[in-house]
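Chain by chain, the residues run as shown.
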Amino acid sequence: MYRRYHLRTDSAPDVATLPSPFRVRVSKPGLAGFLLKEFVQYRGNRTIMLNRPCMYGVFSGPVGGFAPREHLCVGCLRCTTQYPEFVRILPNPARSFLGDSYFTPDRVDAVCYEARSGKIPVKGAGYRGPFGGDGWDGLWTDMSEIVRPTRDGIHGREFISTVIDIGAKPSRLTFADGKPSCEQPQLFSIPIPVLFDAPPASLLAETVVKTFTAAAEATETLIVLPLESLAKLAVRGRHIVPLITRARLGALHALDFEPAMLELDEWDQQLFAQVQAQFPRSVICLRLELPSTDAILQAAGAGVRVFHLLANYHGRGSDGRFATDLFREAHKALVAQRCRDEVTILGGGGIIAAEHVPKAIICGCDGVSLDTPLLVALQAEFAGEAVSRNTGSFKLPSRFTVGWGVMRITNLIASWRDQLLEVMGAMGLREVRRMRGELGRAMFQTDLEKEAFSDIAGYVS
Amino acid sequence: MSAKPESIEQIIAHKHIECLHRGFHVWPALEYGKPPAMGDSRWTADLILSTWMQAETGQPPSNGLEYRTGQSGGGFDVLDLKFLPREHWLADNAVIDLSIPLNRRGYDREIRIPVPFYGAGMSYGSISENVMLARAMAARKWDTFTCTGEGGYPASLVSYKDHVITQIATGMFGVREETIQYAPIIEFKYAQGAKPGLGGHLLGDKATTTVAQMRESVPWVSLFSPFPFHSVYSVEDHKKHIDWVKTINPAALVSVKVSTPTDIDMVTVGSYYAGAHIVQIDGSYGGTGAAPEIAKKNIAMPTELAIPRVHRYLVAEGIRDELVVMASGGIRTAHDLAKVIALGADGAILGTAELVALGCTRCSNCERGRGCPFGLTTTDPELQRLVEPEWGATRLSNLYQSFQSELRAILRRLGLQNIRDLRGRKDLLLYRGNVKAS
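Since this is a predicted model, take the numbers as computed values, not measurements. (Residues numbered from 1 in each chain as written. Chains lettered and ligands numbered in written order. Predicted model: local features only at pLDDT ≥ 70, side-chain atom pairs only at ≥ 80, totals over all residues.)

Trainee: It is not clear to me how the overall build of chain B should be interpreted in this structure. Could you clarify?
Mentor: Secondary structure assignment for chain B yields 13 helices and 15 strands. Here chain B has a C-alpha radius of gyration of 21 Å; the compact-globule value for 438 residues is 22 Å, and the two agree. For chain B, the spread of C-alpha atoms along the three principal axes comes to 60 × 55 × 40 Å. Across the 438 residues of chain B, 62% fall into the buried class. Taking contacts inside chain B between residues at least 6 apart in sequence as the whole, the part at least 24 apart equals 67%. (Helix = DSSP H or I, 4+ residues; strand = E, 2+ residues; numbered from the N terminus. Rg over C-alpha atoms; globule rule 2.2 N^0.38 Å. Buried ≥ 20, exposed ≤ 12 C-beta atoms within 10 Å, placed from the backbone. Contact = placed C-beta atoms within 7 Å.)

Trainee: Help me understand the overall build of chain A, please; the structure alone is not making it clear to me.
Mentor: Each helix and strand in chain A was counted, giving 13 helices and 19 strands. For the C-alpha atoms alone, the extent of chain A along its principal axes is close to 100 × 60 × 45 Å. Looking at the 461 residues of chain A, the share that counts as buried comes to 48%.

Trainee: Even after reading the chapter, I still don't get the packing of helix 6 (residues 235-248) of chain B against helix 7 (residues 264-274) of chain B, so can you show me in this structure?
Mentor: When two helices pack together, you describe them by how their axes are tilted relative to each other and by the distance separating the axes. All names here are of chain B. Contact pair helix 6 / helix 7: the axes reach a minimum separation of 9 Å and the direction vectors enclose 45°. Of the possible angle classes, the one that applies to helix 6 and helix 7 is oblique. The handedness of the crossing between helix 6 and helix 7 comes out as right-handed. Between helix 6 and helix 7, the contacting residues are Val235, His238, Lys239 and Ile242 on the first element and Gly270, Ser271, Tyr273 and Ala274 on the second. (Axes fitted to C-alpha atoms, helices over the stretch in contact; angles between N-to-C directions. Parallel < 35°, antiparallel > 145°, perpendicular 65-115°, else oblique. Left-handed = near helix turned anticlockwise from the far one by under 90°.)

Trainee: What is the right way to look at the sheet that holds strand 10 (residues 253-258) of chain B in this model?
Mentor: Two strands in a sheet stick together by hydrogen bonds in their backbones, pointing the same way (parallel) or opposite ways (antiparallel). In spatial order, the strands read 4-14-13-11-10-7-6-5 (chain B); together these 8 strands make up an open sheet with parallel pairing. Of all the strands in the sheet, the pair left with one neighbour each is strand 4 (117-119) and strand 5 (146-147) of chain B. (Pairing = 2+ DSSP bridges.)

Trainee: Got a minute to help me understand the interface of chain A and chain B in this structure?
Mentor: Often the size quoted for an interface is simply the accessible area lost on bringing the parts together. Taken together, the contact pairs 63 residues of chain A with 84 residues of chain B. Only helix 2 (46-49), helix 3 (78-82), strand 2 (87-91), strand 3 (122-123), strand 4 (139-141), helix 12 (402-427) and helix 13 (445-453) of chain A provide two or more residues apiece to the side of chain A that touches chain B. If one sorts the elements of the side of chain A that touches chain B by residue count, helix 12 of chain A sits on top with 6 residues. The class makeup of the residues in the side of chain A that touches chain B is 35 nonpolar, 16 polar and 12 charged. (Nonpolar A, V, L, I, M, F, W, Y, C, P; charged D, E, K, R; others polar.)

Trainee: When you look at unusual backbone geometry in this model, what are you seeing that I'm missing?
Mentor: Most peptide bonds adopt trans geometry, and most residues besides glycine take a negative phi value. Leu290 of chain A connects to Pro291 of chain A through a cis peptide bond whose omega is -5°. Tracing the chain through its elements places Pro291 of chain A in the loop between strand 13 (283-289) and helix 8 (293-301). Within the chain, Arg43 of chain A stands out as a residue other than glycine whose phi angle is a positive 50°. Relative to the helices and strands, Arg43 of chain A resides in the loop between helix 1 (28-41) and helix 2. Residue class for Arg43 of chain A comes out exposed when judged on the 9 C-beta atoms lying within 10 Å of it. Positive phi, normally seen in glycine, also occurs at Leu30 of chain B, with a value near 65°. As for its position among the elements, Leu30 of chain B is in the loop between helix 1 (8-26) and helix 2 (45-57).

Trainee: Help me out: how do you make sense of the pairing of strand 14 (residues 306-310) of chain A in this one?
Mentor: One face of the sheet, then the other: side chains in a regular strand alternate in exactly this way. Residue and element names in this part refer to chain A. Judged by how many residues are buried, strand 14 sits mostly within the fold: 5 of 5 residues are covered. Neither face of strand 14 is left uncovered, since the one carrying Val306, His308 and Leu310 and the one carrying Phe307 and Leu309 both have all their residues buried. Alignment of strand 13 against strand 14, held across 5 bridges, turns out to be parallel. Pairing of Leu286 across the sheet is with Phe307, part of strand 14. Between strand 13 and its parallel partner strand 14, the chain crosses via helix 8, and the hand of that crossover is right-handed. In the sheet, strand 14 pairs with strand 15 (residues 344-348) via 5 bridges, with the strands oriented parallel. Bridge pairing in strand 15 links Leu309 to Gly347. After leaving strand 14, the chain enters helix 9 (residues 323-336) and then returns to the sheet as strand 15, a path that is right-handed. (Right-handed = clockwise from strand over helix to strand, strands pointing away.)

Trainee: Even after reading the chapter, I still don't get the environment of Lys189 of chain B, so can you show me in this structure?
Mentor: All names here are of chain B. Looking at the secondary structure, you find Lys189 in strand 7 (residues 185-189). Judged by local crowding, Lys189 falls into the buried class, with 26 C-beta atoms found within 10 Å. Those residues in contact with Lys189 that lie beyond four places of it in its chain are Gly121, Glu150, Gln167, Ile168, Ala169 and Lys257.

Trainee: Help me out: how do you make sense of the nonpolar core in this one?
Mentor: One broad trend across soluble globular proteins is that nonpolar side chains are buried collectively. Residues Leu222, Ile223 and Phe307 of chain A together with Leu337 and Ala348 of chain B are the most contacted members of the largest nonpolar core, which totals 266 residues. Summarising the domain contributions, this core has at least three residues from each of domain 1 (22-91) and domain 2 (164-448) of chain A. (Core = buried A, V, L, I, M, F, W, Y, C linked by C-beta atoms within 7 Å. Domains from an automatic or database assignment.)

Trainee: Can you help me understand helix 13 (residues 389-414) of chain B in this one?
Mentor: Structurally, the α-helix is built with 3.6 residues per turn, so residues lying three or four positions apart point the same way. With 26 residues, helix 13 of chain B should reach 38 Å at 1.5 Å per residue; the first-to-last C-alpha distance of 37 Å fits that figure. The positive-phi residue at the C-terminal boundary of helix 13 of chain B is Gly415 of chain B, with phi of around 75°. (Expected span 1.5 Å × (residues − 1).)

Trainee: What should I look at first to understand the confidence of the model for chain A in this one?
Mentor: Should the pLDDT be low somewhere, the predicted coordinates at that spot are not to be read in detail. Overall, the predicted model of chain A reaches an average pLDDT of 92, with 97% of residues at or above 70. Contacts from residues 149-156 of chain A, a stretch scored under 50 in pLDDT, to residues over four places away or in other chains number 16 contacts. (pLDDT = per-residue confidence, 0-100.)

Trainee: Looking at this structure, I do not really get the pairing of strand 15 of chain A. What am I missing?
Mentor: Residue and element names in this part refer to chain A. Across the 5 residues that make up strand 15, a large majority, 5, are buried. Pairing geometry for strand 15 and strand 16 (residues 367-370), over 3 bridges, is parallel. Paired with Gly348 across the bridge in strand 16 is Ser369. Read from strand 15 through helix 10 (residues 356-362) to strand 16, the crossover connection turns out right-handed.

Trainee: Honestly, helix 7 of chain B in this entry has me stumped. Any pointers?
Mentor: The buried fraction of helix 7 of chain B amounts to 8 of the 11 residues, a majority that puts the element mostly inside the structure. Next to the buried residues of helix 7 of chain B lie helix 6, strand 10, strand 11 (278-282) and helix 9 (303-317) of chain B.

Trainee: How do you make sense of the packing of helix 2 of chain B against helix 13 of chain B when you look at a structure like this?
Mentor: All names here are of chain B. Between helix 2 and helix 13, the least distance of the axes is 6 Å, while the angle of their chain directions is 100°. Classified by the interaxial angle, the pair formed by helix 2 and helix 13 is roughly perpendicular. Contact residues: Thr51, Gln54, Ala55, Glu56 and Thr57 in helix 2; Arg395, Asn398, Leu399 and Ser402 in helix 13. In terms of residue class, the contact of helix 2 with helix 13 is made up of 2 nonpolar, 5 polar and 2 charged.

Trainee: Just checking my understanding: could you explain the environment of Arg52 of chain A for this structure?
Mentor: Residues and elements named next belong to chain A. With respect to the element layout, Arg52 can be found in the loop between helix 2 and helix 3. We classify Arg52 as partly exposed; it has 16 C-beta atoms within 10 Å. Along the sequence, Arg52 and Glu431 sit 379 residues apart, while their C-alpha atoms lie 51 Å from each other. For Arg52, the contacting residues outside a window of four places in its chain are Phe59, Ser60 and Gly64.

Trainee: Can you walk me through the domain arrangement of chain A in this structure?
Mentor: For chain A, the assigned domains read domain 1 (22-91) and domain 2 (164-448). For domain 1 of chain A and domain 2 of chain A, the distance between their C-alpha centroids amounts to 51 Å.

Trainee: Before we go on, may I ask you to explain the confidence of the model for chain B in this structure?
Mentor: Summary statistics for chain B give a mean pLDDT of 93 and a share of 98% for residues scoring 70 or more. Taken together, the chains of this predicted complex give a pTM of 0.94 and an interface ipTM of 0.93.

Trainee: So what exactly am I meant to see when it comes to the environment of Arg362 of chain B here?
Mentor: Relative to the helices and strands, Arg362 of chain B resides in the loop between helix 11 (352-357) and helix 12 (381-384). Note on Arg362 of chain B: 26 C-beta atoms within 10 Å, which makes it buried. Residues Arg362 of chain B and Met38 of chain B lie 324 residues apart in sequence; the distance between their C-alpha atoms is 8.2 Å. Not counting chain neighbours up to four residues away, the residues in contact with Arg362 of chain B comprise Ala125 and Arg128 of chain A together with Asp40, Trp43, Ile48 and Val356 of chain B.

In structure tokens form, the structure reads like this:
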């Protein structure tokens, strides 16, 4: 029976206090002088005197402006506009320690909001950031205006599918005597185009792994975990994707469950055949660092049908190019080989905001894997720059339970899925599978600027 | 304050209004420097403060505030106007015509506005009635227009109806036969730049009893307008819409507000063939009372990139001179206005710039709770008092005055006597790329 995918969200408040975005500085002598002046002007009428400019309660503590409650400040600047002589609102420098140069404080705020509420961030006023930029920021998704291909909608009225298929997708079946004469393709579906990548080795502790695996199960997706950690941490289930390295191959024999997918850490045809033989009903995925076009084509030619392509935590490949370019390159290479529809590409690295999911899919991924956003959802602190899986260092909050973590990650995924629906609804797309590689429904800043500005003096691409 | 305050509430409002007005005066004068937490890449502290100053004085600032561009690192902010050498400038007393027609069809009524801009749709509920009134008063004074947005037509606006565009959006809130008949221009809002492909958002806190009454909805319940018009899935359907309003108000011009998809050129041509007089191209960096953050940055293209495409396509189709193209979505200054006209628009539509003139600090808290703490995007009776319509109208009028004088100065330096001659003149622009966003 058909079951509509739905994630139940619930409030999961922060356990670690995020630094307030603003600092409120009130000159005490200035405030005292002002109150004295108002006392005289309004003849001591407290109702008038104590009516404060802030509607968010910053000055509504027991001693008002003498001890402003700056955690409530939203930066509207009304107080400083009214009283420039003695009130100053300043950006809080403590926020610069949130995240790193890629996972900026604003991104951390957004993920934390999504993880604690499960809601879509909605704000007033227009866009406030740079015009465009590298990577994700240099790409806009399309929308459909008055001529729409479907009657898709959002807000629950009409259905948009976010299901993706992972595995081999042969372009045709062959039959003999009315029965399939080809091998049954190994294929399964997950209801969201998102899976969880393995946490950094330093965080492979029991609580973290149990949180990730339980969250993957709750959201009906997959979690990649190093093979050797599974037995040690006593986690099992079809949603767990063992990550196999040749060096730790021995642990494969101890695997006491049949996963939906296994992931090889490097391309080795013999290893591929060995694992496939041991787990004939599982999908075998090849994990490759980007760029890796040659390796993809070689492995695809040898029968690999699922690739997990990874940029670093900052979305860059080993050659410095951004994931958007690298995903497109891999996608187009497979298209050129006429086998794109037969394979699955899972992309990861640098996907830290909801909008990165549709953008990665448009660039050619079938689905994406998440890494640092899951840690940020759990309020992990970055210890310096977290660029790679091997060197990235994080510190999780001390007050941290599996239940809380599962709720946070579930909320995050629910929020991102809802935002994916917003983007797809705007595009008039009924299912996420149709979005894959739809570069015609994306607008790249470099292309648009060339078209709009190339005949303007001084233009350089 | 127009009258001496009497009640405690009035005294309190008076106290805050006095202080706010003083703040709007002293901050741009830089007596206290620039507010450290003010501004962003698109609307820098300089732009906000200079807009406050223009709204007070009617002139651009001369104290070093950068009033022409922001620091977004792209679009308008990497384009300059290529002025002639000083000896080729027009004389200071040269007559410069800034007027544009809003109907180029050769049939239906002629409407000409003396400045190449009018006010954007902002709905009752997303902004206060006082702000709507201020905008209508300024529009009347300048013989231009403001627009209702999709939240209905407050009775107080009726006396300004000759300068009020009635918007029909997908929620159809407050759309009645008489509000269509009031209007010299009817605007169909198919999409909004800040949330392309999504309907309007009015969160529950702002859907007060009066707002709900106007919108014929339930108080305190969030209102998400549908998307798209579920009666329009083709140009032919769109034409039926236009025929429908022309039946109700045959004298009205029809404007079509669309966002900026990849096929914006085709959408514009479709609107033309459906009978629209004006097409408003609302770029993705436009303002909003509430929108998902994901929609603001990521869906559809900025207006700077859409307008050249539309202009070129209309020229190629041979219909450019029959359709008025108005740009919106991020027009902050007179320089943006001149640039977007040089990129191919006939004129532009102002939204956020008007709110900034009235005191907006771009804090992005329009959608929540009681709404704007400056009394702009609010439905809270107490906060609404902070903007008196007459004061607001004067501020907007001063901003228009400044834009007018600045546009004339720009045209003089470009050697043009007519704003219409600037349209599509990309040769008068200069690209200075590789500017990093701040």
